[in-house]
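Coordinate analysis (summary)
Residues per chain, in single letters:
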Amino acid sequence: MNSRINGFYKQSPSDRLDTIVERADLSAEAQAALANVGLSLGDADNVSENVVGTIEYPLSVATNFVIDGEDTLVPMAIEETSVVAAASYGALMARDTGGFETSVSGPIMISQIQALDVADPHAAKVKILNEKSDLIELANEQDPVLVEHGGGCEDIQVRVIDTPRGQMVVTQLIVDVRDAMGGNAVNTMAEALAPEIEQLTGGDVSLRILSNLADRRLARARCRLDPAVLASDDTDLSGEEVRDRIVDAWAFAAGDPYRAATHNKGIMNGIDAVATATFNDWRAIEAGAHAYAAQGGYGPLTNYEVGEEGYLACSIEIPMQVGTIGGATSLHPTAQASMELLAVDSADELAGVMAAVGLAQNYAGLRALVSEGIQAGHMSLHAKNIAIQADVPQELVDEVAAQMVAEDEVRQDRAEELARELK
Ligand code: MEV
C-alpha cells in the first residue's frame, strides 16, 4: 500500500473514497459505512443518554505517512480547516528521510483508591504493601479474560499524600490492559479492592477510579527532516533558516506556558482527530497529555533540535490511552471503517500512529508559523467556505475563492458578485 496519493485533495469526496477503498483494499462494509452517515439513531441511543439525534464531522484521510516502515493512511475527523492538509504535508516532509519511528512503553494504566481518615498513614502503607500479592490476585480475579490475554494487575504502589484536607493514603494499581483503553477493567479492580484497603488502613475509602495521567503508557515518535523540505518560497527563507526558527519556536514554548498551551493544542489537533475518527475517548487523551506536559512546569510535548548533518530532529512523548477492543469503536460503523483503514494490530500500534500524527501536525504548523504565517493557508479554505455560504455554484467555488484571496476581499457579498460575473 502506498499512502502517497498525488492530487488527492483535488478529487471529489466520492472519488477520494474510491481511491482509498482501492488503495487500502477496504471491505464492502467499510466502504458502505464511509459512503453513508454511519451512526443510526438506535446505535446512538446505546452510546449516550437522552439522545435526540447525531452530529456529523467530516471524515478525512491524511496521506503520505510512513510509520515504522509501513505506509499508513490516517483517518481524521475534525471541524477545523487546514489540520488534515497540514498533517499530510508534515508526513510528506518526513517521507524521504524514512518517515516516523515509534515506540510505546506498554499498555499500562493506573487506578487509584483514596483512603481518608487513616490514623497512621505510613504504617497503613506498609500493611497494604505486605498484602501486595493477595491484593494483586484479588484484582486479577475481576478480569480473567484480561489475564488470559497476558494482561492484568502487575503491581501495587502506595503513596501518602498531603492535601488541603490532610494526609490521604492512595493505593495505586498498575495494570496491563493489553488492547483495551482499560478504564472499565481498572475501575472494576479498584472497586473490588476497596473493602480490603478499608480494612487494612482502618480509614474510609472514597474514590476508586483510574488516573488519566497515564505516564506508564507513553507513546513516542521521532523523525528527521532535511532542511531542503523546510525552505519557504513565499518568504524566501532558506531551509536552514526555517529549521532554526522551528527550534526557536519550540524554545519559546519551553520557556513560556502561554505559548506551550498553543503549541500542544497544535499537536492535539492531529491526535484528537484520529481519536474522534476511531471513536476513542479524546478527553482522556487530552487530560493525560496536559497533565504530563505540566510535570516539572507546563511545557511542550515535542522536542526539536538540530541533529546530525544539519537535519531537524523531531520527537514527541505523550501518554496515549487508546484501545482497539472493548471501547465504543465497535458501536460506530464509520469508526470501524477507520480502524480497518489504519490496519493496526494492537492498541500500542494505534498509540504509535497517533503520536506520529501529533508530531507531524506540530512541525507542519510551526513551519507555517515561522514563515508565511497560518492565515495564508486558512484564508483559501475560509474563502471556499464563504463562497459556499454565498450559494456560489459548486463548479465556480474554487475560482471565486481564489479570486477573493487574490483581491484580499474575502466576503459573502464579493463572492456573490464574482459568481454573477463568472456565470
Ligand atoms: C491551530 O489550531 C493550531 C496552531 O495554533 C498551533 C500552534 O500555534 O503551534 C497553529
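Structure's up top.
The text that follows walks through the structure, step by step, so that each part is easy to find. (Residues numbered from 1 in each chain as written. Predicted model: local features only at pLDDT ≥ 70, side-chain atom pairs only at ≥ 80, totals over all residues. Heavy atoms only, no water.)

Observations concerning helix 1 (residues 13-24)
Keep this limit in mind: Per the convention used, a helix needs a DSSP run of H or I reaching at least four residues, while a strand needs a run of E reaching at least two, with both numbered from the N terminus. One less than the residue count of a helix, multiplied by 1.5 Å, gives the span that helix is expected to have. Exposed residues in this analysis have more than 50% of their type's maximum accessible area, buried residues have under 20%, and partly exposed residues fall in between, with area computed by a 1.4 Å probe over protein chains only. The contact criterion used is simple: two residues touch if any of their non-hydrogen atoms lie within 4.5 Å.
A rise of 1.5 Å per residue sets the reference length of helix 1, with its twelve residues, at 16 Å; its end C-alpha atoms lie 16 Å apart and thus fit the reference within 8%. Here helix 1 has its buried residues at Leu 17, Thr 19, Ile 20 and Val 21. Where the residues of helix 1 are buried, they touch helix 2 (28-35), strand 1 (59-67), strand 2 (70-77) and helix 12 (333-342). At the C-terminal side of helix 1, Asp 25 shows a positive phi close to 50°.

So, the site of the ligand
Formally: One heavy atom suffices: a residue is near a molecule or strand as soon as one of its heavy atoms comes within 4 Å of it. Two N or O atoms count as a polar contact when they lie within 3.5 Å, although within protein this holds only if one can serve as hydrogen donor and the other as acceptor, and sequence-adjacent residues are included solely when both atoms are side-chain atoms. Using a 1.4 Å probe, accessible areas were evaluated by the Shrake-Rupley method; residue-level cover was limited to the displayed protein chains. Throughout, the ten residues Ala, Val, Leu, Ile, Met, Phe, Trp, Tyr, Cys and Pro are labelled nonpolar, Asp, Glu, Lys and Arg are labelled charged, and all others, Gly among them, are labelled polar.
Around the ligand, the structure places Glu 80, Arg 259, Thr 262, His 263, Lys 265, Gly 266, Asn 269, Leu 366, Leu 369 and Ile 374. Here an oxygen atom of the ligand sits 2.6 Å away from a polar atom, N or O, in the side chain of Glu 80. At 2.8 Å, a side-chain N or O of Lys 265 approaches an oxygen atom of the ligand. Its free accessible area being 300 Å², the ligand has 84% of it covered by the protein chains. For the shell around the ligand, the secondary-structure elements that each account for two or more residues are helix 10 (257-277) and helix 13 (347-370). Residue contributions to the shell around the ligand peak at six residues, all from helix 10. Partitioned by chemical class, the residues of the shell around the ligand number three nonpolar, four polar and three charged.

Details of the sheet that holds strand 10 (residues 312-319)
To keep it simple, the criterion reads: Any two strands between which DSSP finds at least two bridges are classified as paired. Between N-to-C directions, angles cover 0 to 180 degrees, with each direction set by a line fitted to C-alpha atoms, over the stretch in contact for helices.
Across the sheet, which stays open at both edges, the four strands sit in the order 3-8-10-9 with antiparallel pairing between neighbours. The open sheet has two edge strands with one neighbour each: strand 3 (101-104) and strand 9 (302-306). When the angles between neighbouring strand axes are averaged without regard to direction, this sheet yields 15°. Pairing of strand 8 (residues 218-225) with strand 10, which is carried by eight bridges, proceeds in the antiparallel orientation.

Some words on the environment of Gly 352
Mapped onto the elements, Gly 352 comes out in helix 13. Considering only alpha carbons, one finds Gly 352 and Met 320, 32 residues apart in sequence, at a separation of 8.5 Å.

Focus on unusual backbone geometry
Notably, Asp 391 is not glycine yet its phi reads approximately 60°, a positive angle. The topology assignment puts Asp 391 in the loop between helix 14 (375-389) and helix 15 (397-407). Asp 391 gets classed as exposed once you look at its relative accessible area, which sits at 68%. Backbone geometry at Asp 408 places phi at a positive 60°, although glycine is not the residue there. Within the secondary structure, Asp 408 sits in the loop between helix 15 and helix 16 (412-422).

Remarks on the packing of aromatic side chains
Keep this limit in mind: Ring geometry is summarised as follows: Phe, Tyr and Trp rings, the Trp one being its six-membered ring, pair when their centres sit within 6.5 Å, and such pairs are stacked at plane angles under 30 degrees, edge-to-face over 60 and tilted between the two. To sit over a ring, a charge needs its Lys NZ or Arg CZ within 6 Å of the ring centre and within 35 degrees of the ring normal.
All chains considered together, the criterion is met by one aromatic pair. A cation over a ring is seen here: Arg 16 above Phe 8, with NZ or CZ 6.0 Å from the ring centre.

Remarks on the pattern of salt bridges
Applied cut-off: Salt bridges are counted wherever a side-chain nitrogen of Lys or Arg sits within 4 Å of a carboxyl oxygen of Asp or Glu.
Applying the stated criterion across every chain, the model contains 14 salt bridges. Residue Asp 413 is joined to Arg 411 by a salt bridge in which the shortest nitrogen-to-oxygen separation is 2.9 Å. Residue Asp 413 is classed as partly exposed on the basis of its relative accessible area, which comes to 39%. Where salt bridges share partners, they join Glu 407, Arg 414, Glu 417 and Glu 421 into one cluster.

Quick word on the state of the cysteines
Under the convention used in this document: Disulfides are defined as pairs of cysteine sulfur atoms found within 2.5 Å of each other.
Per the stated rule, a full pass over the model turns up zero disulfides. Cys 314 supplies the cysteine sulfur nearest to Cys 223, a cysteine that is in no disulfide, at a spacing of 4.0 Å.

Side note on the nonpolar core
Note that soluble globular proteins tend to have their nonpolar side chains buried in a common cluster. Under the convention used in this document: Joining through side-chain atoms within 4.5 Å is the link that ties buried Ala, Val, Leu, Ile, Met, Phe, Trp, Tyr and Cys residues into a set, and such a set is a nonpolar core.
Among the nonpolar cores identified, the biggest contains 59 residues, and Phe 65, Met 76, Phe 100, Tyr 304 and Tyr 363 are the most heavily contacted of them. The element best represented in this core is helix 13, accounting for 13 residues. Counting residues in hydrophobic clusters, the runner-up holds 30 residues, among them Val 118, Met 181, Val 205 and Ala 214.

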